[in-house]
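# Report on the structure
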Amino acid sequence: MRMFALPEPRRTQRRPVLALAVAVLTIGAQGAAAPAAHAAPLTTANAVEGTPEGTPQGNVVIEWNRTLLNIVKTPHAPPTTVHPTRSFAIMSAAVYDAVNAISRAHPLYGTGFTAPQDASRPAAAATAAHDTLTALYPAQKPGLDRQLAADLTGIPDGRAKQEGIRVGAQAAQAILTLRAHDGADATPPPYTSTGKPGDYRPTPPDFEPPVFTHWGKVTPFVLHSGHQFRPAAPPALAGPVYAAAINEVKTIGAAHSTTRTAEQTTTAKLWGAPIQNYWYSIGQQVALARHSGLDQSADLFALLNLTIADATIGVYNAKYHYRFWRPITAIRSAAGNPQVKPDPGWTPLVVTPPDPSYPGMHSAISTAAATVLAGFYGDRNDFTLTSPTASGTTETYTNFSAAATEAGLSRIWAGVHSRMDHQAGNKLGTTIGRYVLSQLKLAPATPASPTAKPPAGSGLAAGVTVEVRDSRLGKILTDGQGRTLYLFETDKGTKSTCYGACAVAWPPLVATGRPQAGSGASSALLGTTARTDHTTGVTYNGHPLYYYVGDTKPGDTSGQGLDSFGAKWYVLNPQGNKIDTG
């Protein structure tokens, strides 16, 4: 499979925040499990008041995800040595199992059990979330009980409701039992620096001991181990790559840098909070904008939260394996490389987190989350982040990958990471995201409402058009927007064999109505096929049609001839046959 790199972030639109227009949700400056691990407090806006994006509209999956986000932002609520990403993964796994035990749409994550198909899925999801959170945060039980009672009040009494409650409780208990001895409750081992050049040591101004020294050994949720995808070692301390990376952050990440732009300064502060909180909120915002129902939301947040949890484990495993020092230490001492000149008074724009530098947490979590969200909804989605502390402006993004890239780069501009950390984090996060998608094999979501926008990168629409356009390969089949369509040689007849990770890289062209033949295409060759993910695929001359995620604009044919997922992919000519040149 051809791997594609995340692009440099597009210039985003910044605009004043209008009073009463934005419902502000606090991201929080500090993960409650690591009170001093992140920079100054920030607030971000994730929802527009009075629109579908601003309210769960009865979607208990998103409602409880928000509740947990509020808990982890509450000072002293979570235990200080348990990373909050674990709680999100446990809750979402329980909710996912509760919903799918009833719908039977996907295999269960935890211990298998049966449930009547007429049981109430909202009751099951709410109960599963409630029971996991009361077990993880017993001090929060009164408020959680009230929330569950409110959710259940809205569900008609009867057998379906009671069965839903029973299934939710069973799912929660199964996941809690599964994770009871995962290493999260271990006492973090003390860290002692060797004092050698390159070895991490506590950083100014408070010289706090490093956090989560045990987290890399916690049992992952989907990965086999925390070191499964551990990145290669950082570049040699005496080499030119290291010198270039440290000199870059020395210049652009300084508190009073003369090369960092005003926009980069604002962005560095915007992304200064715990990175996972941003992506939980982004997922909620986009799921609501897409009108994703309860089942789709359960699938999405299982994928997203399990991925973020495993990426966190993978990052800490690598951090404490390599023990690489932070830029502030490297710049102030400048030991080990004559191309880096010492600056004993150098200070970064934001306070350095108390853990080793390599790989970058922001970069890894962001690319992992963006990979999952793009696999579910396509990369192109609109969402916003707002920081009232940064001149009251709003940052608008049009795709997940740009936001992920900017989040990672922001840590270089903030002076707390180097480009070495950023690149290693990007690779680690992308690999973990793709791995989780391939292992869980959850179908990408489709909008629950006919008025919802279709996911970018798919052909979900009532009026899908297939037409012929000119390209470097001659006349080829495209959709109505000029995006190239492909056939997969493994497909026999009209049945698609591309699902799971394959469908993430090669999204099928699907439709909710009869496809239409555009310019140059033959209506007689157009057809449809029932896919096992409950969507309707579009076919041409008997071939199921697909896009390629590596094509970023109309007319791109970068998937032509690729050998991916066991066979080759080709563009089609107007007769519906493969073009095997180019």
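Attention here is on the structure that accompanies the text. Everything numeric in this text was worked out from a predicted model, so none of it was measured.

## Comments concerning the overall build of the protein chain
Across its full length, the protein chain holds 14 helices and 14 strands. Of all 582 residues assigned to the protein chain, the portion counted as buried reaches 59%. Taking as baseline every contact in the protein chain between residues at least 6 positions apart, the subset at least 24 positions apart corresponds to 76%.

## Description of the pairing of strand 7 (residues 474-479)
Strand direction decides the pairing type here: strand 6 (residues 465-471) and strand 7, joined by six bridges, are antiparallel. Residue pairing in the sheet places Arg469 in a bridge with Ile476 of strand 7. Linking strand 6 back to strand 7 in an antiparallel pair, the connection comprises two residues.

## Focus: the sheet that holds strand 8 (residues 486-488)
If you walk across this open sheet you meet the three strands as 8-14-13, and the pairing is antiparallel. Taken across any chain shown, the strands that pair with only one partner, and hence form the sheet edges, are strand 8 and strand 13 (563-564).

## A look at the sheet that holds strand 6
Spatial strand order, 7-6-9: three strands in an open sheet with mixed pairing. Bordering the open sheet on either side are strand 7 and strand 9 (516-517), each of which pairs with just one other strand. Sheet analysis places strand 6 next to strand 9, joined by two bridges and oriented parallel. Looking at strand 9, one finds that Val466 is bridged to Ala517.

## Brief notes about the packing of aromatic side chains
Inspection of every chain in the model, using the stated rule, returns 21 aromatic pairs. An angle of 65° between the planes, with centres 6.3 Å apart, marks the rings of Phe324 and Tyr358 as edge-to-face. Residue Phe324 is located in the loop between helix 9 (294-322) and helix 10 (327-333), and its partner Tyr358 is located in the loop between helix 10 and helix 11 (361-377); the two are separated by 34 residues in the primary sequence. The same class applies to Phe324 as to Tyr358, namely buried.

## Some points on the nonpolar core
Among the nonpolar cores identified, the biggest contains 102 residues, and Trp64, Val95, Trp271, Trp279 and Phe400 are the most heavily contacted of them. Counting residues per element, this core draws most heavily on helix 9, which supplies 15 residues. Within the second largest apolar cluster, 27 residues are counted, among which are Ala268, Phe324, Val350 and Trp413.

## Looking at unusual backbone geometry
Residue Pro205 is reached from Pro204 by a cis peptide bond, and omega for that bond is 5°. Structurally, Pro205 can be placed in the loop between helix 5 (159-178) and helix 6 (240-252). Cis rather than trans, the peptide bond between Tyr358 and Pro359 has omega equal to 0°. Its place among the elements puts Pro359 in the loop between helix 10 and helix 11. The phi dihedral of His76 is positive, around 70°, even though this residue is not glycine. Tracing the sequence through the fold places His76 in the loop between helix 1 (60-72) and helix 2 (84-103).

## Thoughts on the environment of Asn317
Structurally, the position occupied by Asn317 is in helix 9. When sequence neighbours within four positions are dropped, the list of residues in contact with Asn317 reads Gly216, Gly226, His227 and Arg230. A polar contact of 3.0 Å, which involves the side chain of Asn317, links it to the backbone oxygen of Gly216. Within the structure, the side chain of Asn317 is placed 2.9 Å from the side chain of Arg230, a separation counted as a polar contact.

## Remarks on the side chain of Thr267
Locating Thr267 in the fold gives a position in helix 7 (residues 262-270). Of the polar contacts made by the side chain of Thr267, one reaches the backbone oxygen of Glu263; its length is 2.9 Å.

## Some thoughts on the packing of helix 11 against helix 12 (residues 400-413)
Packing of helix 11 against helix 12 leaves a shortest axis separation of 8 Å and a crossing angle of 175°. On the basis of the axis angle, helix 11 is roughly antiparallel to helix 12. Across the interface between the two elements, His362, Ser363, Ser366, Thr367, Ala370, Leu373, Ala374 and Tyr377 from helix 11 touch Phe400, Ser401, Ala404, Ala407, Gly408, Ser410 and Arg411 from helix 12. Residue composition of the contact of helix 11 with helix 12, grouped by class: seven nonpolar, seven polar and one charged.

## Quick look at helix 12
Between its first and last C-alpha atoms helix 12 spans 20 Å; for 14 residues at 1.5 Å apiece the expected length is 20 Å, and the two agree. Across the 14 residues of helix 12, 14 count as buried, placing the element largely inside the fold. Where helix 12 terminates, the next one or two residues include Gly415, which has phi positive at roughly 85°.

## Details of the pattern of salt bridges
Counted under the stated rule, the structure contains 16 salt bridges. Taking the shortest distance from any N to any O, the salt bridge between Glu489 and Lys578 comes out at 2.5 Å. Taken together, the residues Glu489 in the loop between strand 8 and helix 14 (501-505) and Lys578 in the segment after strand 14 (567-571) connect sequence positions 89 residues apart. Residues participating in the shared-partner salt-bridge network are Arg86, Arg179 and Asp182.

## Section: helix 4 (residues 141-153)
Here helix 4 is 13 residues long and its end C-alpha atoms lie 18 Å apart, about the 18 Å a rise of 1.5 Å per residue gives. Restricting attention to buried positions, one finds in helix 4 the residues Leu144, Gln147, Leu148, Asp151 and Leu152. Projection of helix 4 onto a plane perpendicular to its axis shows the buried side chains occupying an angular sector of 130°, all on one side. Summarising the geometry of helix 4, the exposed residues directed more than 90 degrees from the buried face are Arg146, Ala150 and Thr153. The elements touched by buried residues of helix 4 are helix 1, helix 3 (121-136) and helix 5.

## Quick word on the environment of Leu545
Turning to its location among the elements, Leu545 is positioned in the loop between strand 12 (543-544) and strand 13. When the C-alpha positions of Leu545 and Thr484 are compared, they lie 9.7 Å apart, and in sequence the two are 61 residues distant. Sequence-distant contacts of Leu545, defined by excluding residues within four places in its chain, comprise Val466, Leu485, Tyr486, Pro508, Leu509, Val538, Thr539, Tyr540 and Leu572.

Procedures and definitions
Residues numbered from 1 in each chain as written. Predicted model: local features only at pLDDT ≥ 70, side-chain atom pairs only at ≥ 80, totals over all residues. Heavy atoms only, no water. Helix = DSSP H or I, 4+ residues; strand = E, 2+ residues; numbered from the N terminus. Buried < 20%, exposed > 50% of the residue type's maximum accessible area, 1.4 Å probe, protein only. Contact = heavy atoms within 4.5 Å. Pairing = 2+ DSSP bridges. Phe/Tyr/Trp six-rings, centres within 6.5 Å; stacked < 30°, edge-to-face > 60°. Core = buried A, V, L, I, M, F, W, Y, C linked by side-chain atoms within 4.5 Å. Polar contact = N/O pair within 3.5 Å; in protein donor to acceptor, adjacent residues only side chain to side chain. Axes fitted to C-alpha atoms, helices over the stretch in contact; angles between N-to-C directions. Parallel < 35°, antiparallel > 145°, perpendicular 65-115°, else oblique. Nonpolar A, V, L, I, M, F, W, Y, C, P; charged D, E, K, R; others polar. Expected span 1.5 Å × (residues − 1). Salt bridge = Lys/Arg side-chain N within 4 Å of Asp/Glu carboxyl O. Arc of directions from axis to C-beta.

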